Amino acid sequence: MKLYIKYDGIVACRVILQEQLERLEIKHKLLDLGEIEISDSVSDECFAELQAALNRYSIFIVNNEKSQLIQKIKDTIVEMIYQNDKLPAITISQYLSEKLNFSYGYLTNIFSENTYSSIENFIIIQKIERAKKLIIEDQLTLTEVSYKLNYSSVAYLSSQFKKVTGLTPSAFKRIVDKRRSLSNNNL
Amino acid sequence: MKLAKLYKNSQVFKIALGIAIAVVGYIACVFYTQMRSLDSSVDIITNATETQLELERVLSIISIYETNLRSYIITKDESYLEKRFLRRGEIETNLKRINVLVANNPARVKDVKRLNKLIDYRFKLFRETLLLAKSKMPNSEVLNAKLQESNDFTELMKNYVYKTINAEGDKVKIHNNNHQFELQDSIISAFLLVILSLLILLLSFNKMNVDIYELKRANDELKFLNHSFNNAEKIAGFGHWKINLETNTYSFSDNFFRLLGLEPQSFVPSLENISKYVHPDDIEYVTQMHLDSLVSYNPTSLMYRFVLPNGDLKYVMSVGSFTRNGKGQMVKTGVNYDMTEQYKRTIELEENNKELISINEELESFNNIVSHDLQEPLRKIQMFISRIESTEVDSISEKGKGYFYKIRTSANKMQTLLIDLVNYSRTIKGDKVFENTDLKELVYHVIDDLSSDIEEKKAKIDLGDLPTVKVISFQMEQLFINLISNSLKYSQEDVAPEISIFSEKIDKNEVFDNEIITDQDYYKIVVKDNGIGFKQEYAEKVFILFQRLETGSKYSGTGLGLAICKRIVDNHNGFIKVISEPNVGSTFSIFLPKKA
Amino acid sequence: MISHKDSMRILIADDDEDDRAFFSDAMMELKMNNELTLFNDGKELMDYLANPDIILPHLLFLDLNMPRKSGFECLKEIRSDLRFKEVSIAIYSTSSSEKDIEETFVEGANIYINKPNDFSKLKKVVKEVLNINWQFHSSGLNRETFFFSI
């Protein structure tokens, strides 16, 4: 038997963090967007243990401020794309600078300097990732997906989809379906 | 109708005939008894009449005696008395006869006995009267008294006899009446008998006639059928056979023998005799299968070979099955079908097929060579050129640069040709998976893919609404890539290309290949440009493989693009046509069936 | 998280010497901080991967048409081993047929590269592939639906 699961990475991550922090009896407060406020000082050993525990889940404690900011940008974008049922109509640049209290120019610079990509590119990748999820897991039609993700047209969505994946959405769906039936047959 | 049906049913007819015969028999019996009773009535009447006659004769004799006696008394002439005894004898015979006549009637016998006594007494009176008359001294008084007495007695006797005669007469009357009735009944019976007999005769005759006619017709039909069956066997090259399992007798049709190259019925049909003609390699299998089937009653279907007397081989398909004949006996019947020609043709076809497959394989490997092995070194040439152009550019002379430019153009041209060849072969072979595809989305991708060319040419592309159609999407993509790149390629100098792609309602009078194309059955998709166009007379030619209209170096082409388009549209059971005018532009119309 | 300072471990199996050279040149010219290991064919690659002590690569380039062991066979073998489930596989082939692309994706490839005929194009392609793969590694995208065809 093969099960297909649908999960919310953000929620899963929060639960893991909560569990691990509680296990090590660290007083904390989970803030939004991958930030944790720790009330007491934590011993080095305890911190190392937390770091090791979290690494197992591919959760890394980021201490570098720039890295933190980049992570915050990413988290904000992901949250924005995933949390609302429908994408807000305001531009992402506006949203980001409002949320993070930095000028958009500063954010793009810092992002591009430290990653191989631009904020715009990252947004597109994330939106297409969400589109994949909606196509595969929710079995939405392209029209529904383009509405949810605020694309002006289906054609625009599928051309962006093709830019990111090199595939048309229908070819993409076909491949995933085939792959699943193949692995089901092997079981 | 119903009656006619009943008439034709011989079972019903048999029953009717039986009933009719019973009725005739019954009426005949009735007639016989009537005749018998008629006969006896006639006897009775005759008897009565004779009795009457005899009685009257007796009376008359008595009267004669009396008259004679009186005459003697008066005349004393002895001659009157001469025949007296004779007369008495006559009466005796008469009485005897009466006795015979009335022997069957006890009452009458009694009457006759009494009459006898009366006669005896009367004769006694005669004698006494005669004695008195003959005496010498006749006492006339006594004589008169005696005569008187005689007279009275005669009267009495007469009365008695008449009474008897009357009784007989009544009897005759009654019998006579009965006789009349019986006679009438008999006539009716006889008439009925005759009519009925006649009717039955007629019906039987008619029925017989009809039956004979039917039989004859059936027979004719059977003959004809047999004849045509024999002919059919001859023409179609099959023979039939029959095996009665109960009697173990085999029978083969004429053509069965002909199939073996023999004269019809040239040997006694039997398993043993036919086995001689079966190919030695097949005999064991065929016999086994046949004998097995005789046990299991399973139908057989065997293919085997006969070796003809002239040594030829005959491939035969023998199909047999079991059934019961009219007598309820199990019978295996079957047909031998001459498969020799078919077999040979199949072999030939198989060989051709093998050849085709190998040709196809060759083509495929050729295709592989084209798509991979040829492209591989070409790609390397291109790579090295690009390496040289980017890194060694400073150390090459202008002339060298020019050569490299030409190498690159040639290599690129070759690559285009190889890609087109691969694409063309892919439209012939390959997976043809039809899926519902939004053509607008598909064309959008095509435009996207061609965006660098489009930008380079500063082309304006107008994409209208297109339907969703069941198509082989990669082929459709190829179709639009080819059409749009064609439009871009063959654009007019100094005029920005304008290409519009849209769907259109089909005009009523659209005809292609003698077929009327209606909006009901087809989608029409138009790709229209303002390019250099061509003369309308080439409209058919452009779709032919390796036919190029523009040979100038200005326009590079492989002559495959539109041929590929045509193949793709063909693969979709659609049509493609073009209307073009030099220096105005071309309009390609694609017709795709709505029902794939 | 792989920061851009971390190097990406990349393997490539291609029987064509020139192609291997083009590829490593392109990598070098991109000046990205990557560790590239070259294999002459699929068999050599699989022998290397069979060693359980190796540090797993992030990205694997497979030529489809190779003697001894084809890229397709390697793909199947690698995908049937859960040890490599985090490894991205890029097919690097001359074939641009839809069929090859779909089949390799279905069998578990993530990236399909049609070998370019121009060196600058190759550089561009490699850059894009590394980029997108990095995105997948760093941004927690779903590997099951990670496809990139170029």
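Rules of the game
- Residues numbered from 1 in each chain as written.
- Chains lettered and ligands numbered in written order.
- Predicted model: local features only at pLDDT ≥ 70, side-chain atom pairs only at ≥ 80, totals over all residues.
- Heavy atoms only, no water.
- Contact = heavy atoms within 4.5 Å.
- Buried area = accessible area lost by both parts, 1.4 Å probe.
- Salt bridge = Lys/Arg side-chain N within 4 Å of Asp/Glu carboxyl O.
- Polar contact = N/O pair within 3.5 Å; in protein donor to acceptor, adjacent residues only side chain to side chain.
- Helix = DSSP H or I, 4+ residues; strand = E, 2+ residues; numbered from the N terminus.
- Nonpolar A, V, L, I, M, F, W, Y, C, P; charged D, E, K, R; others polar.
- Phe/Tyr/Trp six-rings, centres within 6.5 Å; stacked < 30°, edge-to-face > 60°.
- Buried < 20%, exposed > 50% of the residue type's maximum accessible area, 1.4 Å probe, protein only.
- Lys NZ or Arg CZ within 6 Å of the ring centre and 35° of its normal.
- 1 Å grid on protein atoms, 1.4 Å probe; cavity = no way out; pocket = protein on both sides within 12 Å on 5 of 7 lines; lining within 4 Å.
- Points joined across faces, edges and corners; volume = space filled by probe spheres on them.
- Pairing = 2+ DSSP bridges.
- Right-handed = clockwise from strand over helix to strand, strands pointing away.
- UniProt positions renumbered as here; feature names shortened; annotations may be inferred.
- Axes fitted to C-alpha atoms, helices over the stretch in contact; angles between N-to-C directions.
- Parallel < 35°, antiparallel > 145°, perpendicular 65-115°, else oblique.
- Left-handed = near helix turned anticlockwise from the far one by under 90°.
- Core = buried A, V, L, I, M, F, W, Y, C linked by side-chain atoms within 4.5 Å.

A.B. asks: Help me understand the interface of chain C and chain A in this model?
C.D. replies: Note on interface size: it is often stated as the accessible area lost on association of the parts. Tallying the contact residues gives 26 residues for chain C and 30 residues for chain A. Buried area between chain C and chain A, summed over both chains or domains, comes out near 2600 Å², and the portion from carbon and sulfur atoms is 55%. K178 of chain A is the partner of E102 of chain C in a salt bridge, and the nearest nitrogen-oxygen pair spans 3.4 Å. There are four residue pairs in polar contact (both at pLDDT 80 or more) connecting chain C and chain A. Of all the elements in the fold, those that place two or more residues in the side of chain C that touches chain A are α4 (98–106), α5 (119–138) and β6 (148–149) of chain C. Broken down by class, the residue content of the side of chain C that touches chain A amounts to 13 nonpolar, nine polar and four charged.

A.B. asks: Would you mind showing me how to read the packing of aromatic side chains here?
C.D. replies: Each pair of aromatic rings is reported with the distance of its centres and the angle of its planes. Inspection of every chain in the model, using the stated rule, returns 20 aromatic pairs over all chains. With centroids separated by 6.1 Å and ring planes inclined at 70°, the aromatic side chains of F229 of chain B and F238 of chain B adopt a geometry described as edge-to-face. Note on F229 of chain B: relative accessible area 32%, which makes it partly exposed. With a centroid separation of 5.1 Å and an interplanar angle of 45°, the aromatic rings of F39 of chain C and Y48 of chain C are classed as tilted. Aromatic ring contacts, followed pair by pair, group Y250, F252, F256, F257, F267 and Y277 of chain B into a single cluster. A cation over a ring is seen here: R114 of chain B above Y160 of chain B, with NZ or CZ 5.3 Å from the ring centre. Its end group placed over the ring of Y523 of chain B, K594 of chain B keeps NZ or CZ at 5.0 Å from the ring centre.

A.B. asks: Could you clarify how one ought to interpret the interface of chain B and chain A in this entry?
C.D. replies: The interface of chain B with chain A comprises seven residues on the first partner and eleven residues on the second. Together chain B and chain A conceal approximately 700 Å² of surface at their shared face, both sides included; 51% is due to carbon and sulfur atoms. If you sort the residues of chain B by the area they bury against chain A, E441, Y444 and H445 of chain B come out on top, with a joint share of 63%. Residue R174 of chain A is joined to E435 of chain B by a salt bridge in which the shortest nitrogen-to-oxygen separation is 2.8 Å. Joining chain B to chain A, the criterion identifies one residue pair in polar contact (both at pLDDT 80 or more).

A.B. asks: I'm lost on empty space enclosed by the protein in this one. Help?
C.D. replies: Think of a ball as big as a water molecule: rolled over the atoms, this probe shows where empty space is left. Residue and element names in this part refer to chain B. By the definition in use, this model includes three cavities of 30 Å³ or more. Elements that contribute at least two residues to the lining of the largest cavity include exactly β1 (238–244), β2 (249–252), α7 (271–275), α8 (280–296), β3 (300–307) and β5 (330–338). Here the lining of the largest cavity is composed, by residue class, of 13 nonpolar, six polar and one charged.

A.B. asks: Hey, could you run me through the pairing of strand β3 (residues 59–63) of chain C in this one?
C.D. replies: On any regular strand, side chains alternate: one points to one face of the sheet, the next to the other face. Residue and element names in this part refer to chain C. By the criterion of burial, β3 is predominantly enclosed, with five of the five residues buried. Alternating positions in β3 separate into two faces, L59, F61 and D63 on one and L60 and L62 on the other, with burial throughout. Of the strand pairs in this sheet, strand β1 (residues 8–13) and β3 are connected by four bridges, and their pairing is parallel. Residue I12 lies in a different strand from β3, and its bridge partner there is F61. Sheet topology places β3 next to strand β4 (residues 88–93); five bridges connect them, and they run parallel. When the sheet's bridge partners are listed, D63 is paired in β4 with Y92.

A.B. asks: Can you help me understand the pairing of β1 of chain C in this one?
C.D. replies: Burial within β1 of chain C is extensive, with five of its six residues counted as buried. This β-α-β element, β1 of chain C to helix α1 (residues 17–30) of chain C to strand β2 (residues 34–39) of chain C, shows right-handed connectivity.

A.B. asks: Sorry if this is basic, but what is going on with the UniProt feature "transmembrane region" (unreviewed entry) in chain B here?
C.D. replies: All names here are of chain B. UniProt tags residues 12–33 and 187–206 as "transmembrane region" (unreviewed entry). In residues 12–33, helix accounts for 100% and strand for 0%; the two terminal C-alpha atoms are 32 Å from one another. With 100% helix and 0% strand, residues 187–206 has its two end C-alpha atoms placed 28 Å apart.

A.B. asks: I tried to follow the sheet that holds β5 of chain B on my own but got confused; where do I start?
C.D. replies: Strand pairs in the sheet, formed through backbone hydrogen bonds, run parallel or antiparallel to each other. Residue and element names in this part refer to chain B. Here we have five strands laid out as an open sheet, ordered β2-β1-β5-β4-β3, and antiparallel in their pairing. Of all the strands in the sheet, just β2 and β3 have a single pairing partner and so form its edges. Sheet twist, expressed as the mean angle between neighbouring strand axes with direction ignored, is 25°. Here β3 pairs with strand β4 (residues 313–324) via eight bridges, running antiparallel. Each residue of the ladder has a partner; that of V307, found in β4, is L313.

A.B. asks: Teacher, can you tell me more about the pattern of salt bridges here?
C.D. replies: Side-chain pairs of opposite charge can arise whenever the charged atoms involved come near each other. Scanning all chains against the criterion turns up 28 salt bridges over all chains. Ionic pairing is found between E54 of chain B and R97 of chain B, a salt bridge with its closest N-O pair at 2.9 Å. With E54 of chain B in helix α2 (residues 10–75) and R97 of chain B in helix α3 (residues 84–102), this residue pair connects regions lying 43 residues apart in the sequence. Residue classification places R97 of chain B among the partly exposed positions, given a relative accessible area of 42%. When salt bridges with common partners are traced through the structure, they connect E376 and R379 of chain B together with D14, D19, D63 and K115 of chain C into a single cluster.

A.B. asks: Teacher, can you tell me more about the packing of helix α8 (residues 154–165) of chain A against helix α12 (residues 439–449) of chain B here?
C.D. replies: The geometry of α8 of chain A relative to α12 of chain B is characterised by a closest axis approach of 10 Å and an angle of 50° between their N-to-C directions. The angle between α8 of chain A and α12 of chain B places the two elements in the oblique class. Where α8 of chain A crosses over α12 of chain B, the two elements pack in a sense that is right-handed. Listed contacts from α12 of chain B to V154, A155, Y156, S158, S159, K162 and K163 of chain A of α8 of chain A are E441, Y444, H445, D448 and D449 of chain B.

A.B. asks: Please explain the nonpolar core as it appears in this structure.
C.D. replies: Generally speaking, soluble globular proteins have nonpolar side chains that are buried together. Counting 70 residues, the largest nonpolar core has L45, L49, F61 and I78 of chain C as the members making the most contacts within it. The element contributing the most residues to this core is α5 of chain C, with nine residues. When residues no more than four places from it in sequence are discounted, the contact partners of L45 of chain C are L11, A13, F39, L60, L62 and I78 of chain C. Among the nonpolar cores identified, the runner-up in size contains 39 residues, and L442, I454, L560 and L592 of chain B belong to it.

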